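Below, each chain spelled out in residue letters.
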Amino acid sequence: MSKRVAIANRAEIAIRIAATCRLRGLQPVLITTDAEPESYAARVIGQTAHAGAVGAELDPEAVVAAAQKAGCTYLHPGYGFLSERPALARACARAGIAFIGPSAETLELCGDKVATRAIAEASGVPLLAATSTLGDAPDDWTRAADEIGYPLLVKAVQGGGGASLRRVANADELVDAVASARREAEAAGAGPLLYLERFLGGARHIEVQVAGDGTHAVALGERECSLQRRHQKVIEEAPAMCLPGEDRRRLYRYAMMIAEAVKLKSLATVEFLYAPDGTIAFIEVNPRLQVEHPVTEATSGLDLVALQFDLADGALLPANPPPPYGHAIEARLYAEDPANLFLPSPGRISVLALPASPGVRVDAGYQVHDRVPDRFDPMIAKLIAWGDTREQAVARLSDTLEQCAVAGVATNRPWLLALLADERVREGGYDTQTATAIPAPHRDGNPPDLIQAALIAQTLERPPSNDPWERIGPFRMSGATELAFHDPNGSWEFVASVERSSDRWQLRLADSAAAPLNWQRGDDGVWTITLGSHSARFAIAAASGDTIEVSGADDRWFARAGRRPPSSTGTSRATVNALRAPLPGKVIRVDVEPDQVVSEGTPLIILSAMKIEIVLRAPRDCRVHAIHCRPEEQVEAGALLVELVPEEEG
């Protein structure tokens, strides 16, 4: 009987780890809770062990008890907060289960950013000015900030992944930023301890993948991770761009020094800032597998999960790590809405097509009809493209994103494509602030022609019913027929003329000339629409009631058949004046009072959802008519929080 490996994680990383387990003759067992009893990962892996109710997935004792009951010899935590907890490594040791990761002592050191900074300083690794751990007195925060200077970052001592990171430009912003960062860190399980670190402007984020045997360490390559939003990486590359050989060697040397100082026996990533003048500054150590590990695998040929198992079994380090070959780039496809502050978009996926192609790897965490929950990271999949050159890798990734199709949830795909099309990104001249300057594509006016053509096509393709009139379609006489569609919110409508000519449809939109309309409909809900010489792929699905969703590479549209009702001359007053919760969450703070006049952008409500704090702001100059929530209240998605009226109606 093969040895069993407990996988204490979920979604794509659980599936990824299971693949290496099978290749090594090991039996993967997924640790599950009531949160996701029948997930895609559970279906792929096949064997599960139940740890308990929702929340048990982060309880080391519950996870290890489930692994022990399932007869597991190993436990792999993947990545995330649980993977960095010394308590998990210790619980595994007590149960006689081999933990696929560093020792508890190493995790303890690396989990404390202030402690790792001290180790880096003692090892001669360069650092930015920073404070010690902050206390509870705001006056002390101000004095400490004055010592290191502005701008600065507020950072959590515990926890990785950019949790609770805040940039502070001046003293006026400091107290609120520290208080907000502390709340968010505690909500994410990182604890209340914070420190301040000098901000390095114009810097890039470069990390070095290292492996250690407890005594010695080797560098397996570096990754460029500068394209970030809310301090979360969204696109990663290997190797780093435009990096002089001597600077690369310095980064490797510093990374290995730190890995050896913390007695690393496994994999870790040592993260640095790299400024245009060659300044290098150590940030932190992540003693686990990284989300972006596939780009290193693609350029090195290594199986990093297999290497973790080898090191846990006492194998020697690779004598000569393979030099990188070619270039790889990864994009994280999230269920989040760029048109709504990039907030998560939980829900059921009605269409999902993630086509692989030569040089492209897809690590998916969901399948069509799966539900993206509102309590976990909303990443649907990672798309990894490799090429002989960076240009080829970027072109392959862009094409893959263009060919994807998703409906049922909003995704960040339009913004990812905008990033890849930006000249700074194309030329490799970006830094950690570049992504924030690239807006999501803006939707305005009527849908683009191909979206209109898709709506027309799905009407013409409508499956026949038993009604003989329905079976022959919407046309009752020869010649052209008009079809109309409108926005359910009433902001637009269009009328198109369609006519059957010989063996093809001719479509006329607005004032344009008629053009042939063709389409191919897949059983998976993916349509290829061709209007004249232009073609694109779309996901088309029923949304709610009689509403149709058409999702393309550039945006996501909702439409209803027919002309706009006479009363719908734009967004309703109720919608304009209602501030609603975008997600289920807890109200942290109410910053306004009834009858208060506020200007556009004024913070109104601070909501904690998905382990982040969301600031809901006034959409325009207005007056607060009524407040329908209170601090500490748990609210559902769509709950009315604040009513607003134009100031002149006061």
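(A) Region of interest: empty space enclosed by the protein. Under the counting rule described, the total for this entry stands at three cavities of 30 Å³ or more. Its volume calculated, the largest cavity comes out at about 60 Å³. For the largest cavity, the full set of lining residues is Leu220, Gly221, Glu222, Ala238, Pro239, Tyr252, Thr296, Thr299, Ser300, Pro322 and Pro324. Within the residue set of the lining of the largest cavity, elements represented by two or more residues are β10 (217–229) and α10 (293–300).

(B) Molecular detail of the sheet that holds strand β35 (residues 612–617). If you trace the four strands from one edge of the open sheet to the other, you get β35-β34-β32-β37, paired in antiparallel fashion. The open sheet terminates on both sides in strands that have one partner only, identified here as β35 and β37 (634–635). Pairing geometry for strand β32 (residues 585–590) and strand β34 (residues 603–609), over four bridges, is antiparallel. Of the residues in β34, the one forming a bridge with valine 590 is isoleucine 605.

(C) Structural context of the environment of glycine 359. Mapping glycine 359 onto the fold places it in the loop between β18 (351–353) and β19 (360–364). With 13 residues separating them in the primary sequence, glycine 359 and proline 346 have C-alpha atoms 30 Å apart. If we ignore the near neighbours within four places in the chain, the residues touching glycine 359 are Ile384, Ala385, Trp386 and Arg396.

(D) Representation of the pairing of β34 in the model. Most of β34 sits out of view: six of its seven residues are buried. Summarising the sheet, β34 and β35 pair through six bridges and their orientation is antiparallel. By the bridge assignment, isoleucine 605 is partnered in β35 with leucine 616. Where β34 folds back onto β35 in an antiparallel hairpin, the turn is made up of two residues, including methionine 610, whose phi is positive at roughly 55°.

(E) Summary view of the pattern of salt bridges. Applying the stated criterion across every chain, the model contains 39 salt bridges. Between arginine 16 and glutamate 297 there is a salt bridge whose closest N-O contact spans 2.8 Å. A residue pair is termed long-range when its members are at least 10 positions apart, and arginine 16 in helix α1 (residues 11–23) and glutamate 297 in helix α10 qualify at 281 residues. When sorted by exposure, arginine 16 lands in the same class as glutamate 297, which is buried.

(F) Spatial organisation of the side chain of arginine 166. Tracing the backbone shows arginine 166 in strand β7 (residues 166–168). Among the polar contacts made by the side chain of arginine 166, one reaches the side chain of serine 180 at a distance of 2.9 Å. A distance of 2.9 Å separates a polar atom in the side chain of arginine 166 from a polar atom in the side chain of glutamate 184. Contacts of arginine 166, omitting those with residues within four sequence positions, involve Leu152, Leu153, Val154, Ala177, Ser180, Ala181, Glu184 and Glu613.

Conventions adopted
- Residues numbered from 1 in each chain as written.
- Predicted model: local features only at pLDDT ≥ 70, side-chain atom pairs only at ≥ 80, totals over all residues.
- Heavy atoms only, no water.
- 1 Å grid on protein atoms, 1.4 Å probe; cavity = no way out; pocket = protein on both sides within 12 Å on 5 of 7 lines; lining within 4 Å.
- Points joined across faces, edges and corners; volume = space filled by probe spheres on them.
- Helix = DSSP H or I, 4+ residues; strand = E, 2+ residues; numbered from the N terminus.
- Pairing = 2+ DSSP bridges.
- Contact = heavy atoms within 4.5 Å.
- Buried < 20%, exposed > 50% of the residue type's maximum accessible area, 1.4 Å probe, protein only.
- Salt bridge = Lys/Arg side-chain N within 4 Å of Asp/Glu carboxyl O.
- Polar contact = N/O pair within 3.5 Å; in protein donor to acceptor, adjacent residues only side chain to side chain.

Read these as spatial facts, not as claims about activity.
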